[in-house]
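Residue-level structural notes
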Amino acid sequence: MLPVRMQRGEGIGPLVLLLLVGGLVSGTESSDYSEAEVLPDSFPSAPAEPLPEFLLEPEDAFIVKNRPVQLRCRASPATQIYFKCNGEWVNQNDHVTRESLDQVTGLVVREVDISVSRTQVEELFGLEDYWCQCVAWSSAGTTKSNRAYVRIAYLRKNFEQEPLGREVRLEQEVLLQCRPPEGMPAAEVDWLKNEDVIDPSQDSNFLITIDHDLIVKQARLSDTANYTCVARNVVARRRSSTATLIVYVDGGWTDWAKWSACGTECTHWRSRECQAPPPRNGGKHCSGSMMESKNCTEGLCARNKKISIEHASHPLAPGTSVAVYAGLVGALLLCVILVLCVGVLAYRRRCRHLHGDITDSSSALTAAFHPGNYKPPRQDNTHPLHPSAPPDLTATAGTFRGPLFSLKQGVNDSPHKIPMTTSPLLDPLPSLKIKVYNGSTLSSLELPADMGLCDGEILSLKSVSTMGRERDYHSHTLPREPGLSTSATMGNLGGRLTIPNTGVSLLVPPGTIPQGKFYEMYLIINKWDNTTLPSEGSQTVLSPVVSCGPSGMLLNRPVVLTLPHCAQLDTPTPDWTLTLKTQTHQGAWEEVLTAGEETLSSPCYLQLEEECCHVLMEQLGTYGLVGQSCPPQPACKRLQLALFAPRAPCLSLDYSLRIYCIHDTPHALKEVLDLERSLGGVLLEDPKPLIFKDSYHNLRLSIHDIPHTHWRSKLLAKYQEIPFYHIWSGSQRPLHCTFSLERGSLAVSQIACKICVRQVEGEGQIFQLHTDIQETLPPHSPLPSGGTCLPSSQVGPFAFRLPDSIRQKICASLDAPSARGCDWRLLARSLGFDRYLNYFATKPSPTGVLLDLWEACHQADADLVSLATALEEMGKSEVLVVMTTDGDC
């Protein structure tokens, strides 16, 4: 059998195969060939298959809202083709593959598509953007395509800089600046002139710079218009505020006209007009006189002197001079009499006014501090009700023992004056019992004087008729979560609901509920699973979502809902646009009020403080606070970083640490503590504060200084990141990162390391950890506990810091407008409640609503001194009262 030599890489032709087979089958026949017929050393072979070449590569794409993007690539020749995203192969089932044959080359062409969703992009941790690339195979090898990046598209609402209106002279150069909102992809900018797009190629007088500014090279009168900067990308289109450009023209004088003929006064004239050019669009008028006169005889005219001498030598007739003098004297006497009359009337009116003010001041707060034997100067009517007046049949009878206070006032007294009372103002009335009839049934309410309420205790009022039937109350029942709700039955006397350790409360002032009616009032913090307040665009949720009710009940005056928030408000310039939202019965969210944009029709008033807000409202329901940055500075949120570890001793080689990033509110911390308690975790130290800026930078967490001889981190990357929009939206569940560690042996019990948490290009915090993992860690809670606690519910007069008698006297003294301005408006300014005074002006008693708001703001500290200080600053030093109260529960 003849040897057949083949070079590497050559194929075996059909003839060679035939010869080989023939030689194997019949060895004798092969020997018949002569030496001249020996096969050549090599045979021509089929050409090798080339490497795949991409006919179509994937391109960068943007996810708009929640619509996924499609990535496509095409290669030839290709036996296989797949996508790899962020270093990981995409599942084969997620590919859509098509195969065809190139008619020219005869090679196989393969095309593949994949879909990338918003969720996939958001779940990526790290500095690098989400990317995908195509990999194609052939028998010759593999080829990779370029990377295609997939980003979430957005366009913020607020411009970084908006154009400002200007007034410029004719032919002056004008610069209108515009910085579009931050966006991905970067926004393109157009300029509108009276809603028409400006095209510099059509009008060379306009120039749009690379920084999107508009330059008017030489201002023309026709350039007077409204200019608007418009930013747009694949997500949205934003318009800036309109800037009005006014091109004005200052007036100029025309040439001088010819001199007039010489007149009888030996002068001649000439004139000019302000018409070269005339002033336009508010331009300045010409300065100077329109007429010019000059002596036309060069001083030779003497006619005026002669006329003057003749008039001087002509005496006034005697009769005429007497009449003139008599008229002058009479007019003078009449003026004197009128002045005296006006002065007397003004003096009397001023005296009456000062007397009224003195009466108000002396009775405002000090009337009840006179000794028991003091006799007031007026006692027109010592009974609070007219003897002939019928009893009130709509009130419900009740017995109240405790700090109740009385206020006596005659029915004939002026509403602007407060009569004196002989009872001490701060002493409680001893065992006062009030009974009135409600229809045909006698009812009574009992409140023990020594009632003390702490966390979890709820006071309920029960009213039982003489027939033994329980009274029918207006009530509303909702599912209540332990520690996140409270309730109480309230009537005309009002009360206060407080959810302990959350910063959420509801103040129901006296007189809010109609006389004779009782309601089961409730206050609930909604959990994430039940109600989520959505954030739109660049908005962020700043407070818990709270429901108060029953909804739809009739209120005679506003209640005060207190919500904690995490907005950073201590900056000198306003960085936030804050909006109060409510949830309708259909579940949709609607805007109720934007701070700073109140009108007379606004249903609420928002009082902002550094860590909470107080909402005066007359409609109960579900509410929450959202906000967004107010240019030019980005807003900041207050966050807390809480580090947790397993409480029980560690019996395995694995050990984990969890760091939560939550809002800096008591409710958010309480929620995380309850969650970790159920998971067996314990807080290692007090949470650390973090200021998180609206800068679109992620939150980066990393662990350092691990003793590598005994421990190792299971985290392959150098750090973890929580995406910016997860934190900024504020509408997601508590966010956390876990650091998984592994010790070398069970004998290792000590762990020491550092955990760094910071916003990229922002602020950060460092946790210094040193603990024994084989010991049971003691529980640690930064929430207040122990001696001082606010009851979850309080009803009746003892729910308020200010006694009702003092409240009524202050209202009577300040509700009426004062010519000197010493009324409720000055009290509002002194207390810092003057952001929108028109809200209080529409109420029957503005002072009463201000005092309700003061009660809500000072429920924890009971700071009566601040109210007394405000009254003293108003000049009401004679009504200044120093009040003291017993401690809470």
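Remember, it's a predicted structure, so these values are computed and weren't measured experimentally.

**Points about the packing of helix α9 (residues 824–831) against helix α11 (residues 846–857)**
- One way to put it is that α9 packs onto α11 with a least axis distance of 9 Å and a crossing angle of 15°. Classed by the angle they form, the pair α9 and α11 counts as roughly parallel. The element α9 and its partner α11 pack so that their crossing is left-handed. Two secondary-structure elements touch here, α9 through Trp824, Leu827, Ala828 and Leu831 and α11 through Pro846, Thr847, Leu850 and Trp854.
- Partitioning the contact of α9 with α11 into residue classes produces 7 nonpolar, 1 polar and no charged.

**Some points on the side chain of Asp823**
- Along the chain, Asp823 turns up in the loop between α8 (804–814) and α9.
- For Asp823, the contacting residues outside a window of four places in its chain are Leu814, Ala816, Pro817, Ser818 and Met874.

**Here's the deal with helix α12 (residues 864–873)**
- Every buried residue belonging to α12 is among Leu864, Leu867, Ala868, Ala870 and Leu871, and all of these are buried. Projected down its long axis, α12 shows its buried positions confined to an angular sector of 155°, all on one face. The outward face of α12, more than 90 degrees from its buried face, is lined by the exposed residues Val865 and Glu873.
- Residues of α12 that are buried make contact with α8, α9 and α11.
- Trailing α12 by a residue or two, Gly875 shows a phi angle of about 90°, which is positive.

**Quick notes on α9**
- Buried within α9 we find Trp824, Leu827, Ala828 and Leu831. Projected down its long axis, α9 shows its buried positions confined to an angular sector of 100°, all on one face.
- If you follow the buried residues of α9, they end up packed against α8, α10 (837–841), α11 and α12.
- In the stretch just after α9, Gly832 is the one whose phi turns positive, near 80°.

**Side note on the confidence of the model for the chain**
- Taken over all residues, the pLDDT of the chain has a mean of 75, while the share at 70 or more is 72%.
- Of all the helices and strands in the chain, strand β25 (residues 433–434) carries the lowest mean pLDDT, 31, while strand β33 (residues 559–564) carries the highest, 96.
- Within the model, the stretch residues 1–37 combines pLDDT values under 50 with 18 contacts to residues more than four positions away or in other chains.

**A short note on the sheet that holds strand β18 (residues 214–216)**
- In space, the 3 strands of this open sheet follow the order β13-β18-β17, with antiparallel pairing throughout. For this open sheet the edge positions go to β13 (174–176) and β17 (206–208), each flanked by a neighbour on one side alone. Across the sheet, the mean angle separating the axes of adjacent strands is 20° when strand polarity is ignored.

**Examining the state of the cysteines**
- Under the criterion given, the structure shown has 5 disulfides.
- Here Cys178 pairs with Cys229 through a disulfide, and the sulfurs are 1.9 Å apart. When the S-S torsion is -75°, as for the bridge of Cys178 with Cys229, the disulfide is left-handed. With Cys178 in the loop between β13 and β14 (183–184) and Cys229 in strand β19 (residues 225–232), this residue pair connects regions lying 51 residues apart in the sequence.
- Owing to a relative accessible area of 0%, Cys229 belongs among the buried residues under this scheme.
- Between Cys274 and Cys286 runs a disulfide, and the two sulfur atoms are separated by 2.0 Å.

The rules we used
Residues numbered from 1 in each chain as written. Predicted model: local features only at pLDDT ≥ 70, side-chain atom pairs only at ≥ 80, totals over all residues. Heavy atoms only, no water. Axes fitted to C-alpha atoms, helices over the stretch in contact; angles between N-to-C directions. Helix = DSSP H or I, 4+ residues; strand = E, 2+ residues; numbered from the N terminus. Parallel < 35°, antiparallel > 145°, perpendicular 65-115°, else oblique. Left-handed = near helix turned anticlockwise from the far one by under 90°. Contact = heavy atoms within 4.5 Å. Nonpolar A, V, L, I, M, F, W, Y, C, P; charged D, E, K, R; others polar. Buried < 20%, exposed > 50% of the residue type's maximum accessible area, 1.4 Å probe, protein only. Arc of directions from axis to C-beta. pLDDT = per-residue confidence, 0-100. Pairing = 2+ DSSP bridges. Disulfide = S-S within 2.5 Å.

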